[in-house]
Structures are given as structure tokens and as C-alpha cells.
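Residue-level structural notes
Read off the chains here:
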Amino acid sequence: MTGSDTVEYRIAHLRDRLAGGAIAELGVRIELRGDSVLLSGTVASAASRDEILRIAKEELAGIPVREDLFVVCSDAPDHPEELA
């Protein structure tokens, strides 16, 4: 197994862990970019983003992890929209 095969295996394991665990996150893309891994997409909360990053750093120890994760708020609006 080459170094890139090992990284791809670890990325696949991370995908499985994010999808199958308590976090059940399917909206995060995980890509190998040169010598680092990029996590991108949208998540439901800041706590979810923090948990995803914790798991990624645990699974990908020794590999630089970059993130471009956005928190999308799905709460109902707290005030009416005013149209001009």
C-alpha cells in the first residue's frame, strides 16, 4: 500500500465514521488536496462542526486538515421580513 492509498483509506474510514456515528453527517465533502485534506460543506450547528473537526483530526492524525464548513441556521425567523 502506498502513502496515498493509506490516506485514501483513512479518508474513507472518516466518511464512514461521520455517516454512521451519532453525528450522522452526510453533507460534508472530504477531499485530498496535495498533502492535506479539505473538509467542506454545510452543517447544522457550531457544535456539529466542532465534533466533525475533532473526529477528522483524530482519524487523520499527522495529516494537515483544512476546513471550509459553514453553519446553516434552520431556525424560524424571529421577526417579519420588511419589503421596501
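Up top is the structure.
Below you will find a few notes about this structure.

Here is what the cut-offs are and how they apply
- Residues numbered from 1 in each chain as written.
- Predicted model: local features only at pLDDT ≥ 70, side-chain atom pairs only at ≥ 80, totals over all residues.
- Heavy atoms only, no water.
- Pairing = 2+ DSSP bridges.
- Helix = DSSP H or I, 4+ residues; strand = E, 2+ residues; numbered from the N terminus.
- Axes fitted to C-alpha atoms, helices over the stretch in contact; angles between N-to-C directions.
- Contact = heavy atoms within 4.5 Å.
- Expected span 1.5 Å × (residues − 1).
- Buried < 20%, exposed > 50% of the residue type's maximum accessible area, 1.4 Å probe, protein only.
- Arc of directions from axis to C-beta.
- Polar contact = N/O pair within 3.5 Å; in protein donor to acceptor, adjacent residues only side chain to side chain.

Ordered by their spatial adjacency, three strands build an open sheet running 1-2-3, and the pairing between neighbours is mixed. Two strands lie at the open edges of the sheet, namely strand 1 (28-33) and strand 3 (65-71), each paired on one side alone. Taking the axes of each pair of neighbouring strands and ignoring which way they run, one obtains an average angle of 10° across the sheet. By the bridge criterion, six bridges tie strand 1 to strand 2 (residues 36-43) in an arrangement that is antiparallel. Bridge pairing links R33 to S36 in strand 2. Strand contacts of helix 2 (residues 46-59): strand 1, strand 2 and strand 3, with the helix running at about 165° to strand 3, the strand carrying the most contacts.

With 14 residues, helix 2 should cover 20 Å at 1.5 Å per step; its first-to-last C-alpha distance of 20 Å lies within 8% of that length. All of the buried residues in helix 2 are S48, I52, L53, I55, A56 and E59. Buried residues in helix 2, looked at end-on, bunch into an arc of 165°, giving them a common side. Exposed and oriented more than 90 degrees from the buried face of helix 2 are A47 and K57.

Our next topic: the side chain of E59. Position of E59 among the secondary structure elements: in helix 2. E59 sits in the buried class, given a relative accessible area of 16%. Polar contacts involving the side chain of E59 include one to the side chain of H13, which spans 2.7 Å. Residues within four places of E59 in sequence aside, it is in contact with R10, H13, L14 and R17.

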